[in-house]
Amino acid sequence: AQSVTQLGSHVSVSEGALVLLRCNYSSSVPPYLFWYVQYPNQGLQLLLKYTSAATLVKGINGFEAEFKKSETSFHLTKPSAHMSDAAEYFCAVSDGVKPNDYKLSFGAGTTVTVRA
Amino acid sequence: NAGVTQTPKFRILKIGQSMTLQCTQDMNHNYMYWYRQDPGMGLKLIYYSVGAGITDKGEVPNGYNVSRSTTEDFPLRLELAAPSQTSVYFCASSYSPGTGGDQPQHFGDGTRLSIL
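Residues numbered from 1 in each chain as written. Chains lettered and ligands numbered in written order. Predicted model: local features only at pLDDT ≥ 70, side-chain atom pairs only at ≥ 80, totals over all residues. Heavy atoms only, no water.

**Student:** Just give me the short version of the layout of surface pockets, but keep the residues and values in it.
**Tutor:** Residues and elements named next belong to chain B. Roughly 180 Å³ of internal volume is contained in the largest pocket. Around the largest pocket, the lining residues are Ala-2, Gly-3, Val-4, Thr-5, Gln-6, Lys-9, Met-27, His-106, Phe-107, Gly-108 and Asp-109. Those elements giving two or more residues to the lining of the largest pocket turn out to be strand 1 (4–7) and strand 10 (106–107). Of all the elements, strand 1 adds the most residues to the lining of the largest pocket, at three residues. Split by residue class, the lining of the largest pocket holds four nonpolar, five polar and two charged. (1 Å grid on protein atoms, 1.4 Å probe; cavity = no way out; pocket = protein on both sides within 12 Å on 5 of 7 lines; lining within 4 Å. Points joined across faces, edges and corners; volume = space filled by probe spheres on them. Helix = DSSP H or I, 4+ residues; strand = E, 2+ residues; numbered from the N terminus. Nonpolar A, V, L, I, M, F, W, Y, C, P; charged D, E, K, R; others polar.)

Next up, the structure:
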């Protein structure tokens, strides 16, 4: 069974500073990994996904994530934070193996605040 | 393109009342899901459906029921509302994971439900 751990429930950064959100996963098979963002009073939107094509994945809004199999990690970064990046971010994993290929396991989420 | 639409957006129920949360999608996705989101807990899967007429339980199905009579609609029913069901409910949909779990899920904006 797969699971996800997001380190840090809250992250505060200054505008223009690096954003780093940590995600570690456990999976018995090569996983599919996703980062979602949730703005206040909205649903989750896909930021990016890893599906084994490349270890460095670029997403929307300047975010990217690197898959490191040896560290079982999929950390999300953005070089320069913007006020509009204030949101909650979720890491999720799917092992893609039937009959549980539908199952997406989510981390607890990391709330990002951006200081002016 | 509306995507996934949930109604209502907010609702307050009394203990013991029943209600149906509506979800419809216009992307012709065959997989649909219901999650609940509680603070600091991420998203937990309540029920899912792999196509019209086929539904199955997720992690936390107790106290809920679903049906799937069409590809587009996947309503969630609470029969006897309890305070523990106070939560934010999200409906999502995706294409079939196919040979792997790489199909992202698309989320509605949620229904915020309070049971008093």
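Next comes the rest of the write-up.
**Student:** Give me the interface of chain B and chain A: which residues, what numbers.
**Tutor:** Chain B puts 24 residues into the contact, and the matching count from chain A is 22 residues. Counting the surface lost from both chain B and chain A, the interface buries some 1,800 Å², and carbon and sulfur atoms represent 56% of this. Our count for the chain B to chain A interface comes out at zero salt bridges. Across the chain B-chain A interface, the total number found is three residue pairs in polar contact (both at pLDDT 80 or more). Those elements that place two or more of their residues in the side of chain B that touches chain A are strand 4 (31–37) and strand 5 (43–51) of chain B. The element that contributes the greatest number of residues to the side of chain B that touches chain A is strand 4 of chain B, accounting for four residues. A class-by-class count of the residues in the side of chain B that touches chain A yields 11 nonpolar, 10 polar and three charged. (Contact = heavy atoms within 4.5 Å. Buried area = accessible area lost by both parts, 1.4 Å probe. Salt bridge = Lys/Arg side-chain N within 4 Å of Asp/Glu carboxyl O. Polar contact = N/O pair within 3.5 Å; in protein donor to acceptor, adjacent residues only side chain to side chain.)

**Student:** Can you explain the pattern of salt bridges? Please cite residues and give values.
**Tutor:** Oppositely charged side chains can form a pair if their charged atoms are brought close together. For the coordinates displayed, the defined rule picks out four salt bridges over all chains. Asp85(A) is the salt-bridge partner of Lys78(A), the closest N and O atoms lying 2.9 Å from each other. For Lys78(A), a relative accessible area of 10% corresponds to the buried category. Judged by its relative accessible area of 2%, Asp85(A) falls in the buried class. A salt bridge links Glu79(B) to Arg77(B), with the nearest nitrogen and oxygen atoms 3.3 Å apart. Since its relative accessible area comes to 38%, Glu79(B) is described here as partly exposed. (Buried < 20%, exposed > 50% of the residue type's maximum accessible area, 1.4 Å probe, protein only.)

**Student:** Give me the lowdown on the nonpolar core, citing residues and values where you can.
**Tutor:** Grouped together as the largest cluster of nonpolar side chains are 27 residues, with contacts concentrated most on Leu21(A), Trp35(A), Leu47(A), Leu48(A), Phe74(A), Leu76(A) and Tyr89(A). At the level of elements, strand 2 (10–14), strand 3 (19–26), strand 4 (32–38), strand 5 (44–50), strand 7 (64–68), strand 8 (73–78), strand 9 (87–94) and strand 11 (110–115) of chain A are the ones that each hand at least two residues to this core. Ignoring anything within four residues of it in the chain, the contact list for Leu21(A) reads Val11(A), Trp35(A), His75(A), Leu76(A), Tyr89(A), Thr110(A) and Val112(A). Val4(B), Leu13(B), Met27(B) and Tyr89(B) belong to the second largest nonpolar core, which has 20 residues in total. (Core = buried A, V, L, I, M, F, W, Y, C linked by side-chain atoms within 4.5 Å.)

**Student:** Outline unusual backbone geometry, supporting the account with residue identities and numerical values.
**Tutor:** Note the cis peptide between Thr7(B) and Pro8(B), where omega equals -5°. One can find Pro8(B) in the loop between strand 1 and strand 2 (10–13).

**Student:** Tell me about the state of the cysteines, residues and numbers included.
**Tutor:** Enumeration according to the criterion identifies two disulfides over all chains in this entry. With a sulfur-sulfur separation of 2.0 Å, Cys23(A) is cross-linked through a disulfide to Cys91(A). Measuring handedness by torsion sign, the sulfur bridge of Cys23(A) and Cys91(A) sits at about -65° and is left-handed. Residue Cys23(A) is found in strand 3, and its partner Cys91(A) is found in strand 9; the two are separated by 68 residues along the sequence. Cys91(A) sits in the buried class, given a relative accessible area of 0%. Between the sulfur atoms of Cys23(B) and its disulfide partner Cys91(B) the distance amounts to 1.9 Å. Across the disulfide from Cys23(B) to Cys91(B), rotation about the S-S bond amounts to roughly -70°, and the bridge is consequently left-handed. Here Cys91(B) lies in strand 9 (residues 87–94) and Cys23(B) lies in strand 3 (residues 19–25), a separation of 68 residues in the sequence. Note on Cys23(B): relative accessible area 1%, which makes it buried. By relative accessible area, Cys91(B) is classed as buried at 0%. (Disulfide = S-S within 2.5 Å.)

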